[in-house]
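The chain contents come next:
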Amino acid sequence: MKVCFLFDSNRRTGANLALLRHAAFPGRQGHDVSVVFEYRSFPKDIDFVDGAEAIRTWYMDEYPADAGLQDAVVTNWWLCAFALRLLPARLYSFYRNGDTKALFHDRIFDALIDAVDRENFLWFCVSEF
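Residues numbered from 1 in each chain as written. Predicted model: local features only at pLDDT ≥ 70, side-chain atom pairs only at ≥ 80, totals over all residues. Heavy atoms only, no water.

**Focus: helix α1 (residues 14–28)**
Under the convention used in this document: Secondary structure is summarised from DSSP: a helix means a run of H or I of at least four residues, a strand means a run of E of at least two, and numbering begins at the N terminus for each. An expected span of 1.5 Å times one less than the residue number is assigned to each helix. Working definition: with a 1.4 Å probe on protein chains only, accessible area under 20% of the residue-type maximum means buried, over 50% means exposed, and in between means partly exposed. Relevant arc is that of directions from the helix axis to the C-beta atoms, nothing else. Contacts between residues were defined by any pair of non-hydrogen atoms, one from each residue, lying within 4.5 Å.
For α1, with 15 residues, the first-to-last C-alpha span of 21 Å sits near the 21 Å given by 1.5 Å per residue. Along α1, the residues that are buried comprise N16, L19, L20, A23, A24, P26 and G27. In an axial view of α1, the angular spread of the buried residues amounts to 165°, which keeps them on one side of the axis. Exposed and oriented more than 90 degrees from the buried face of α1 are G14 and R21. On its buried face, α1 sits against β1 (2–7), β2 (32–37), β3 (55–59), β4 (70–75) and β5 (89–96). Positive backbone phi, approximately 100°, marks G30, located one or two places after α1.

So this is what it looks like as structure tokens:
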């Protein structure tokens, strides 16, 4: 299996750590796993994750054009959902950690978050909202 995990950056958050741990599991099982960071806000080193040695990391602007078709691309942040199709894949999926709208005090992003919620992704949800 060839799977890619898309993050906005290598920001140290609980949601990112959870998804990086999920990425490490198939990597340790011998699958082809990549992590792509859309922005260079932080270094791309993920050695703080058990099993990181089995994962290749890239920034989006250096991701190889000849990487080929992924079996799946997974993201966990609503803004990254708009960039998923920059990584060709058979399946696009979203790992939802909870109610994204609750992260923002005003309602300015609600329509965009709702648009992501209506996408035909394979959804992984770990909490009700």
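**What to know about the environment of Y39**
Here Y39 shows up in the loop between β2 and β3. Exposure remark for Y39: the relative accessible area of 46% places this residue in the partly exposed category. On a C-alpha basis, the gap between Y39 and S9 in space is 5.2 Å, while along the polypeptide they are 30 residues apart. When residues no more than four places from it in sequence are discounted, the contact partners of Y39 are D8, S9 and Y59.

In short, the description is geometric, and any link to function would need to be established separately.
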